[in-house]
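Residue strings, one per chain:
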Amino acid sequence: MTDAAGLIHRLTAVVPDFPSPGILFRDLTPTLADATAFKVITDELVAGFAGRFDLVAGIEARGFLLAAAAAYASGSGVLAVRKAGKLPPETLTVDYDLEYGSARLELRHGQFPVGARVLVLDDVLATGGTVGATCELLERAGAVVAGVGVVIELTALGGRDRLPGREILALTTAD
């Protein structure tokens, strides 16, 4: 069995000064392009919350890839949490702060029944702003957030601390 953390560390590209000076961007695209790594990552994210979710929400954009794979592997549906202006009306929106600016997320209203248990997936947990905003949107739409799964947690940025009461599974960590 291949270890997800080892594969992630070996295959993830670290890009300095992107998208702005001083940011070390963790590019998971080479990791997700590796069939073994993608399968191991998907399997570990699903196993961490097995039997506790009805739907998987992916955060634009790499979260879409993870959520679609996890939904398929678990036999559940998938939700897309989009950047502003990408969904037709009616949407719920939330503004939030990023590590390097601010943004808005949207969720299509009425996609799932009230009380649906939703697993939130994204590639990186940094400051917690994007994940927190996603959880807020889902809960405003009537979902119960079953947990949060990420491939890499950037521990120095304290995102986990900004998500009190949330169950978070990070497959690996970095500073």
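In this text the structure is predicted, and so the values were computed from the model without any measurement.

Draft legend 1. Spotlight on the overall build of the protein. Scanning the protein for helices and strands turns up five helices and nine strands. Its helices and strands in sequence order give the protein the pattern α-β-β-α-α-β-α-β-β-β-β-α-β-β, from N to C terminus. In terms of overall size, the protein behaves like a compact globule, its C-alpha atoms giving a radius of gyration of 15 Å where 175 residues would be expected to give roughly 16 Å. Counting the 175 residues in the protein, one finds 48% classified as buried. Taking all contacts inside the protein whose residues are at least 6 apart in sequence as the whole, residues at least 24 apart take part in 59%.

Draft legend 2. Structural detail: the environment of Asp 161. Assignment of secondary structure puts Asp 161 in the loop between strand E8 (144-154) and strand E9 (168-174). Taking relative accessible area as the criterion, Asp 161 reaches 66% and is therefore assigned exposed. Taking the C-alpha atoms as reference points, Asp 161 and Arg 104, 57 residues apart in sequence, are found 21 Å from one another.

Draft legend 3. Just the side chain of Thr 134, in detail. Note that Thr 134 resides in helix H5 (residues 129-140). You can call Thr 134 buried: its relative accessible area is 0%. Within the structure, Thr 134 has its side chain in polar contact with the backbone oxygen of Thr 130 (distance 2.9 Å).

Basis of the calculations
- Residues numbered from 1 in each chain as written.
- Predicted model: local features only at pLDDT ≥ 70, side-chain atom pairs only at ≥ 80, totals over all residues.
- Heavy atoms only, no water.
- Helix = DSSP H or I, 4+ residues; strand = E, 2+ residues; numbered from the N terminus.
- Rg over C-alpha atoms; globule rule 2.2 N^0.38 Å.
- Buried < 20%, exposed > 50% of the residue type's maximum accessible area, 1.4 Å probe, protein only.
- Contact = heavy atoms within 4.5 Å.
- Polar contact = N/O pair within 3.5 Å; in protein donor to acceptor, adjacent residues only side chain to side chain.

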